[in-house]
Each structure stands twice: as C-alpha cells, then as structure tokens.
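Structural overview for review
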Amino acid sequence: MPGHTENAITIAAPLDLVWDVTNDIENWPRLFSEYASVEILAREGDKTTFRLTMHPDENGKVWSWVSERVTDRAGLTVRARRVETGPFQRMDIRWEYAEVPDGIRMQWTQDFAMKPEAPVDDAWMTDNINRNSRIQMELIRDRIEQHDRERHTPAPVTPN
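This write-up is about the structure you can find in this document. What you see is a predicted model, and the numbers here were worked out from it, not measured in a lab.

Criteria and thresholds
Residues numbered from 1 in each chain as written. Predicted model: local features only at pLDDT ≥ 70, side-chain atom pairs only at ≥ 80, totals over all residues. Heavy atoms only, no water. Helix = DSSP H or I, 4+ residues; strand = E, 2+ residues; numbered from the N terminus. Buried < 20%, exposed > 50% of the residue type's maximum accessible area, 1.4 Å probe, protein only. Contact = heavy atoms within 4.5 Å. Areas by Shrake-Rupley, 256 points an atom, 1.4 Å probe, with all protein chains shown as cover. Lys, Arg positive; Asp, Glu negative; His and termini not counted. Charge placed at Lys NZ, Arg CZ, Asp CG, Glu CD. Salt bridge = Lys/Arg side-chain N within 4 Å of Asp/Glu carboxyl O.

Secondary structure summary: the protein chain contains three helices and seven strands in total. Shown N-terminal to C-terminal, the secondary structure of the protein chain runs as helices and strands in the order β-α-α-β-β-β-β-β-β-α. With the C-alpha coordinates of the protein chain rotated into their principal frame, the extents come out at 70 × 35 × 35 Å. By the burial criterion, 40% of the 160 residues in the protein chain qualify as buried. For the protein chain, restricting intrachain contacts to residue pairs at least 6 apart in sequence, the fraction spanning at least 24 positions comes to 50%. When the accessible surface of the protein chain is totalled, it reaches about 9300 Å², and 50% of it is carbon and sulfur. Across the protein chain, the centroid of the 20 positively charged side chains sits 2 Å from that of the 28 negatively charged ones.

Using the criterion set out here, one finds nine salt bridges in the structure. Two residues, arginine 73 and aspartate 16, come together in a salt bridge whose shortest N-O distance is 2.3 Å. Of the two residues, arginine 73 sits in the loop between β4 (64-72) and β5 (77-82) while aspartate 16 sits in helix α1 (residues 15-22), which places them 57 residues apart along the sequence. Relative accessible area serves as the criterion here: at 34%, arginine 73 is assigned to the partly exposed category. Accessibility expressed as a relative area gives 47% for aspartate 16, which makes it partly exposed. Arginine 141 is paired through a salt bridge with aspartate 142; the nearest N and O atoms lie 3.0 Å apart. Residue classification places arginine 141 among the partly exposed positions, given a relative accessible area of 24%.

Right, let's get into the environment of methionine 137. For methionine 137, the location among the structural elements is in helix α3 (residues 122-151). Residue methionine 137 is classed as buried on the basis of its relative accessible area of 2%. Sequence-wise, methionine 137 and valine 78 are 59 residues apart; in three dimensions their C-alpha atoms are separated by 16 Å. Setting aside its immediate chain neighbours within four residues, methionine 137 contacts Asn7, Ala8, Ile9, Met106, Gln107 and Trp108.

Right under this line is the structure:
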C-alpha cells in the first residue's frame, strides 16, 4: 500500500519571511539538519530542478537525489517530486502555507511508494518520514522565529 504522510506546524512569524526562508533552496543545508548540500541544476519560471545530498547515515551511506519543485506564491503552495527516485517508485510532496491566528501554518503532505527491491517498505518509510518531518519542522520553526526576533531587536546604542 502506498505511503502517505501529513505533518504541520505553526510558525510565529510573518508569511513573507516563512515563505522566503523555506523556499530559499540554496540555503536548505543551513535550514534543515539532514541536508549536507544542494546544487541547483535548472530554473525555469517558478520551477527549480536541484540535487539534494544528505549527511551520511548511520552506516556511512550518503543519499542523493534530484527533485523538481514548483512554487505558487499566490496559492501559497509548492509541489515537488523526485526526478531521480532512488529507492522510491515515486515521491510527491505538497507544501501548503496558511495564515492562522498564531502565525503561519506550514503543512507537508507526502505521497510515495517504495520500489519492491528497496531496503525498506512503505510502512517503515511512513514512520520514518513522520518522525523526521516533526524534527525538521520544529528546527525550521525555531530558526525562523529566532530570525524574526533578531530582525526586530534594535541595535545597541554605543556612546560617543
């Protein structure tokens, strides 16, 4: 049975900041703890094709893949899919942003299926994605909220 996950978090920061930071693909290695590097391969309008490389896993294996991401700023959505699927038959991701009373609600929905020869099955990957999405979302929330606080902290006045 194909995998499906939905994870969301509220970030207490302005929409423009949340959108800009989370869609600045070049800076993902500083935003996400799991990514070692990103390489932009092509840009065409709102579509970006890029290679993500993760930090080595517990066995020393480095995972890397190519994804395609299309942003829709007016609709507050992003659609992404893996082009080089690796162990996945398919991986489709939808990011949705919504203004809520406490800030911006960011939701990630992932629909995928593992290849029969993959080292893990759909159920294992569903649990893994759910666990890791919560970790990454909390990290992203904390980094954006800290950035927002720093933007609004006045610079100290130095006496002449």
